[in-house]
Amino acid sequence: MSLSDWQHKAAVLKMEGRAFIDGRYCAAANGETFPCYSPIDGRLLTPVASCDADDANLAVACARRAFDSGVWSQLAPAQRKDVLLRFARLIEQNTEELALLETLDMGKPISDSLTLDVPGSAECMAWTAEAIDKLYGEIAPVPANQVGLITREAAGVVAAIVPWNFPLQMACWKIAPALAMGNSVILKPSEKSPLTAIRIASLAKEAGVPDGVFNVLPGFGHSVGNALALHADIDVLAFTGSTAIAKKLLVASGQSNMKRVWLEAGGKSPHIVFEDADLDRAAEAVAAGIAFNQGEVCTAGSRLLVHASIQKTLLDKVRLELQRWQPGNPLDPATRLGAIVDRQQLDKVLEYVEIAKREGAVLCEGGQQVLEQSGGTYLTPTIFDGVNSAMRIAREEVFGPVLSVLTFADEGEAIVIANDTEYGLAAGLWTRDLGRAHRVSRALRAGSVWVNQYDAGDMTAPFGGFKQSGNGRDKSLHAFDKYSEIKATWINLI
Ligand code: NAD
């Protein structure tokens, strides 16, 4: 399909902006809405329900009622699997519509929404559904007159609060294992990108998820998000978003009912290139590592750590690669770098460009807003050279296509710089030396480490962070840990 095909589809696309509670779409209790704009051209997409504490209370009551009734929680795992496999297929069958919504809503290239976000979400749902009837409990090694059963039970009512950068995928990483375990779920999408979350609610219903088991509450974080975080009848709060908000959720849990809080938070990931690396492939990965999804990626390789002896050669290659990542209309299938999610985020990124300049970093590529006449929010990929670990541009998450370049003299120094961060989400390294690849991977304090590649992953491996990048893991069988309680049952064989 061409740009004009997508523009035509966008012009006639019907968008749902209401909340979804107890199996039906409804306005927010207060009747209020907020406007949802597209970063592509600034046009109003649809008004969206602005839910608050009243909606949270209603959704929790419905979710709890559904959970206690057993209509979902007590189904055989194989039956929940069948429903969720149907849900996965429906996501797949509606790929075009969901991809278009995602791109209009948050500005990512349509080619990514079509080939990564929506298929990745369907795959997450299907993989997780397939796993749920293959999980066994344990028998404890107890004395002969006892039987010790170790079983997993659904936790109860789960609230999932998700960010705007991969709206559908982040939602599926949470709702798939939560639903598969038998929980009732309340999903709160970001106010910046609520549309795909709202849309899949009707797909869940069509697939056979019972009323009250899956609810979607759009609205602002400080309002409906905060109400969920403080709610006394939510058992688990699963969050993906910034470290600053993650810390608030820990406090809210302590102030309320000690609900389990699972956090996938920010990152400032090092991408290390040693002097023996394949520099062409490394340069390609470094460029993609900072430009993919407009740099709005928690694992963005935002700190390039390069051996001093190859710094100039590598940087020249990265600059060349970034020519292929110039901003364009996200609805154009040829576009690789889309729009920044909104004006607020663009301003934040531009402010970091100014901060970096003031701190003495050398702007050697990009840093400009472009395509202003479109009415959208676009930025050229940006490189700062001469960065050191003390600078804010090396320490703080920019969440835009801004690369900081730092140099190191030897392996030991590379590890020290890489770990000199409050975050620990991901890291990448390039070397042909097998021993070094293992040594450095072990030394890096990060939840994902990529060797001679960047940003690899599928449903088979867990994803999450060390340090202030969070706790717990999404994806793989480890994801079920978040949404279950473990019970020990002691039976006396009298
Ligand atoms: P954010 O923290 O601003 O918002 C995330 C969600 O929290 C949104 O739904 C928002 O409405 C809600 N929220 C905001 N304030 C709240 C409050 N007081 N109480 C409850 N909920 C509240 O993050 P963002 O800007 O949407 O997303 C970008 C961040 O997400 C970056 O820091 C990025 O690194 C992180 N992220 C992490 C991962 C990961 O897996 N570790 C993945 C994607 C994004």
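Small disclaimer: the values here were computed from a predicted structure and weren't measured. (Residues numbered from 1 in each chain as written. Predicted model: local features only at pLDDT ≥ 70, side-chain atom pairs only at ≥ 80, totals over all residues. Heavy atoms only, no water.)

Colleague: It is not clear to me how helix 8 (residues 221-230) should be interpreted in this structure. Could you clarify?
Modeller: Given 3.6 residues to a turn, an α-helix orients residues that are three or four positions apart in the same direction. Among all positions of helix 8, only Val 224, Gly 225, Ala 227, Leu 228 and Ala 229 are buried. Buried residues along helix 8 sit in contact with helix 2 (53-69), strand 7 (157-161), strand 8 (184-188), strand 10 (236-240) and helix 9 (243-255). (Buried < 20%, exposed > 50% of the residue type's maximum accessible area, 1.4 Å probe, protein only. Helix = DSSP H or I, 4+ residues; strand = E, 2+ residues; numbered from the N terminus. Contact = heavy atoms within 4.5 Å.)

Colleague: How should I be thinking about the site of the ligand in this particular structure?
Modeller: Near the ligand there are 27 residues, and of these Val 162, Glu 191, Ser 242, Ala 265 and Glu 397 occur at the shortest range. Contact between the ligand and Ser 242: an oxygen atom at 2.6 Å from a side-chain N or O atom of the residue. At a separation of 2.5 Å, an oxygen atom of the ligand approaches a polar side-chain atom of Glu 397. About the coverage of the ligand: the protein hides 91% of its 850 Å² of free accessible area. Of the pockets mapped on this structure, the ligand occupies the largest pocket. Breaking the shell around the ligand down by element, the ones donating at least two residues are helix 8, strand 10 and helix 9. For the shell around the ligand, the leading source of residues is helix 8, giving three residues. (Near = heavy atom within 4 Å. Polar contact = N/O pair within 3.5 Å; in protein donor to acceptor, adjacent residues only side chain to side chain. Areas by Shrake-Rupley, 256 points an atom, 1.4 Å probe, with all protein chains shown as cover. 1 Å grid on protein atoms, 1.4 Å probe; cavity = no way out; pocket = protein on both sides within 12 Å on 5 of 7 lines; lining within 4 Å. Sits in = over half its atoms within 2 Å of the grid points.)

Colleague: Even after reading the chapter, I still don't get the pairing of strand 3 (residues 33-37), so can you show me in this structure?
Modeller: Moving residue by residue along a regular strand, the side chains alternate between the two faces of the sheet. Residue alternation in strand 3 divides its side chains into a buried set, Phe 34 and Cys 36, and an unburied set, Thr 33, Pro 35 and Tyr 37. Pairing of strand 3 with strand 4 (residues 44-49) involves five bridges; the strand directions are antiparallel. By the bridge assignment, Thr 33 is partnered in strand 4 with Ala 49. Between strand 3 and strand 4, which pair antiparallel in sequence order, lie six residues; one of them, Gly 42, sits at a positive phi of approximately 80°. (Pairing = 2+ DSSP bridges.)

Colleague: Help me understand the sheet that holds strand 6 (residues 146-154) in this model?
Modeller: In sheet architecture, strand pairing relies on hydrogen bonds along the backbone and comes in two forms, parallel and antiparallel. Strand order in the open sheet formed by three strands is 5-6-23, and the pairing between neighbours is antiparallel. Two strands in the sheet have a free side with no partner beyond their single neighbour: strand 5 (138-139) and strand 23 (484-492). Both strand 5 and strand 6 contribute to a ladder of two bridges, which runs antiparallel. Along strand 6, the bridge assignment pairs Glu 138 with Ile 150.

Colleague: Just to check I follow, could you spell out the side chain of Asn 293 for this structure?
Modeller: Position of Asn 293 among the secondary structure elements: in the loop between helix 10 (279-291) and strand 13 (303-307). The buried category is assigned to Asn 293, whose relative accessible area is 0%. Residue contacts for Asn 293: discarding those within four places in its chain leaves Met 106, Lys 108, Asn 165 and Phe 166.

Colleague: Sorry, what's going on with the domain arrangement of the protein chain here?
Modeller: For interface size, the figure often reported is the accessible area lost on association. Once the domains are mapped, the protein chain shows domain 1 (3-265 + 470-489) and domain 2 (270-459). Each of domain 1 and domain 2 was reduced to a C-alpha centroid, and the two centroids are 30 Å apart. Each side of the interface is counted separately: domain 1 has 32 residues, and domain 2 has 33 residues. For the pair domain 1 and domain 2, the two sides together bury roughly 2,500 Å², of which 61% comes from carbon and sulfur. Run the count over domain 1 and domain 2 and you get one salt bridge. (Domains from an automatic or database assignment. Buried area = accessible area lost by both parts, 1.4 Å probe. Salt bridge = Lys/Arg side-chain N within 4 Å of Asp/Glu carboxyl O.)

Colleague: What is the right way to read the sheet that holds strand 14 (residues 362-365) from this model?
Modeller: Strands sit in the order 14-17-18-13-12-20-21 across an open sheet of seven strands; the sheet is mixed. At either margin of the open sheet sits one strand with a lone partner, and together these are strand 14 and strand 21 (448-451). Put simply, the sheet's adjacent strands are angled 25° from each other on average, direction ignored. Alignment of strand 12 (residues 270-273) against strand 13, held across four bridges, turns out to be parallel. Across the sheet, the residue bridging to Ile 272 is Leu 305, located in strand 13. The strands that helix 11 (residues 311-322) touches are strand 12, strand 13, strand 14, strand 17 (382-385) and strand 18 (402-408); relative to strand 17, the one it contacts most, it runs at about 165°. (Axes fitted to C-alpha atoms, helices over the stretch in contact; angles between N-to-C directions.)

Colleague: Just to check I follow, could you spell out the pattern of salt bridges for this structure?
Modeller: Pairs can form between side chains of opposite charge whenever their charged atoms are close. Scanning the entire structure with this criterion turns up 31 salt bridges. Between Asp 133 and Lys 81 there is a salt bridge, and its shortest N-O distance comes to 2.9 Å. In this pair, Asp 133 is assigned in the loop between helix 5 (110-132) and strand 5 and Lys 81 in helix 3 (residues 77-93), connecting sequence segments 52 residues apart. When its relative accessible area of 15% is taken as the criterion, Lys 81 is described as buried. With a shortest N-O distance of 2.7 Å, Glu 153 and Lys 487 are connected by a salt bridge. Of this pair, Glu 153 sits in strand 6 while Lys 487 sits in strand 23, and the two are 334 residues apart along the sequence.

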